[in-house]
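Chains, contacts and geometry: an overview
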Amino acid sequence: MGDPTGRPEVGLVPGVPAWRTTGTLSALQELVEVSEAVPAVVARQAGLSTSELHSLRHLMRGPIGPVDLAKVLGVTSAASSGVVDRLVRHGHAERRSHPEDGRRTEVVITASGRAEVLARMTPMFESLAALDATLSDDDREVVERYLRGATAAMKSLMS
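What comes next concerns the included structure. (Residues numbered from 1 in each chain as written. Predicted model: local features only at pLDDT ≥ 70, side-chain atom pairs only at ≥ 80, totals over all residues. Heavy atoms only, no water.)

Concerning the overall build of the protein
Note the threshold: Helix numbering and strand numbering both begin at the N terminus, where a helix is a DSSP run of H or I of at least 4 residues and a strand a DSSP run of E of at least 2. We take the radius of gyration over the C-alpha atoms and set the globule estimate at 2.2 Å times the residue count to the 0.38 power. Only heavy atoms matter for contacts: two residues are in contact if any of them lie within 4.5 Å across the pair. Accessibility throughout is a Shrake-Rupley quantity obtained with a 1.4 Å probe, and a residue counts as covered only by protein chains that appear here.
Summing up its helical and strand segments, the protein has six helices and two strands in all. Counting helices and strands in the order they occur from the N terminus, the protein gives α-α-α-α-β-β-α-α. Compactness check: the protein gives a C-alpha radius of gyration of 21 Å against a globular reference of 15 Å for 159 residues, more than 25% above the reference. In terms of overall dimensions, the protein has a C-alpha envelope of 70 × 40 × 30 Å along the principal axes. The long-range share in the protein, meaning contacts at least 24 apart out of those at least 6 apart in sequence, stands at 39%. If you sum the accessible surface of the protein, you get close to 10,900 Å²; carbon and sulfur atoms cover 58% of it.

Written out as structure tokens, the structure is:
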């Protein structure tokens, strides 16, 4: 199973005999690696931490309580509070009383925060939409099935 030096053949994953690197698997690996790097690069360009950028992404969906924000970020409440403090200082978020329970607080994205996210992410979204538009419905069905299967394989590590 390898060359005379004992190195595995190109395209083999030791211990996984069915694995052969194909163009699709190689492209998927590249996509995963790039998607891991994007948040840090975008955050740096925006003068934010990756936690701040991820917070803004979640806030784009709507207001969220500080404890819930900590959960989605995977950090402590204290760390989440620091992230919110920094976003408030940047003018990208604000704390407000919860509309149904004045004892609770929620974090809301501001126009500045929304503009920052959109300015950084819109070019990528436009490129992805243009790429998607080049696919036929049949192509799109195959790509979706492949990507959902890849997502399920990755999620299986998390359960």
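Continuing now.
Re the packing of helix α1 (residues 23-46) against helix α5 (residues 111-133)
Note the cut-off: To obtain each axis, a line is fitted to C-alpha atoms, and for helices this fit is confined to the stretch in contact; angles are then taken between N-to-C directions over 0 to 180 degrees. Oblique is the label for every angle not falling under 35 degrees (roughly parallel), over 145 degrees (roughly antiparallel), or within 65 to 115 degrees (roughly perpendicular). When the near helix sits turned anticlockwise from the far one by under a right angle, the crossing is termed left-handed; a clockwise turn instead gives a right-handed crossing. By the convention adopted, Pro, Cys, Tyr, Trp, Phe, Met, Ile, Leu, Val and Ala count as nonpolar, Lys, Arg, Asp and Glu as charged, and the other residues, Gly among them, as polar.
Between α1 and α5, whose axes approach to 11 Å, the crossing angle comes to 125°. The orientation of α1 relative to α5 falls into the category oblique. Once α1 is placed against α5, the crossing between them reads as right-handed. Where α1 approaches α5, its residues V42, Q45 and A46 are matched on the opposing element by E116, R120 and M121. The class makeup of the residues in the contact of α1 with α5 is three nonpolar, one polar and two charged.

Structural notes on the pairing of strand β2 (residues 105-109)
Our working definition: Think of it in three bands: residues with accessible area under 20% of the maximum for their type are buried, residues over 50% are exposed, and the middle band is partly exposed, with areas taken using a 1.4 Å probe on protein chains only. Note on pairing: two strands pair once DSSP finds at least 2 bridges between them.
β2 sits mainly inside the fold: four of its five residues count as buried. Taken together, the five bridges between strand β1 (residues 93-97) and β2 define a ladder with antiparallel strand orientation. Across the sheet, E94 pairs through a bridge with V108, a residue of β2.

A look at the environment of V42
Among the structural elements, V42 can be located in helix α1. Looking at V42, the relative accessible area reads 9%, which means it is buried. For the pair V42 and L59, spaced 17 residues apart in sequence, the C-alpha to C-alpha distance is 17 Å.

Focus: helix α2 (residues 50-59)
Turning to α2, its buried residues number three or more, namely E52, L53, S55, L56, H58 and L59. Elements that come into contact with the buried residues of α2 comprise α1, α3 (66-73), α4 (77-90), β1, β2 and α5.

Some points on the nonpolar core
Put simply, the rule is: Here the nonpolar core consists of buried residues drawn from Ala, Val, Leu, Ile, Met, Phe, Trp, Tyr and Cys, with membership extended through side-chain atoms lying within 4.5 Å.
L48, L56, L59, L69, L87, A93 and V107 are the most contacted members of the largest nonpolar core, which has 18 residues in total. Looking at this core, the elements that each hand over two or more residues are α1, α2, α3, α4, β2 and α5. Residue contacts for L56: discarding those within four places in its chain leaves L48, L87, H92, I109, G113 and V117.

Observations regarding the side chain of E106
To be explicit about the condition: Charge assignment in this entry is limited to Lys and Arg as positive and Asp and Glu as negative, and neither His nor the chain termini are counted. Salt bridges are defined as contacts in which a side-chain nitrogen from Lys or Arg sits within 4 Å of a carboxyl oxygen from Asp or Glu.
Structurally, E106 can be placed in strand β2. We note that E106 is buried and unpaired, the nearest opposite charge coming from R96 at a distance of 5.7 Å. Filtering out sequence-adjacent residues up to four positions away, E106 remains in contact with P63, I64, G65, P66, E94, R95, R96, S97, H98 and P99.

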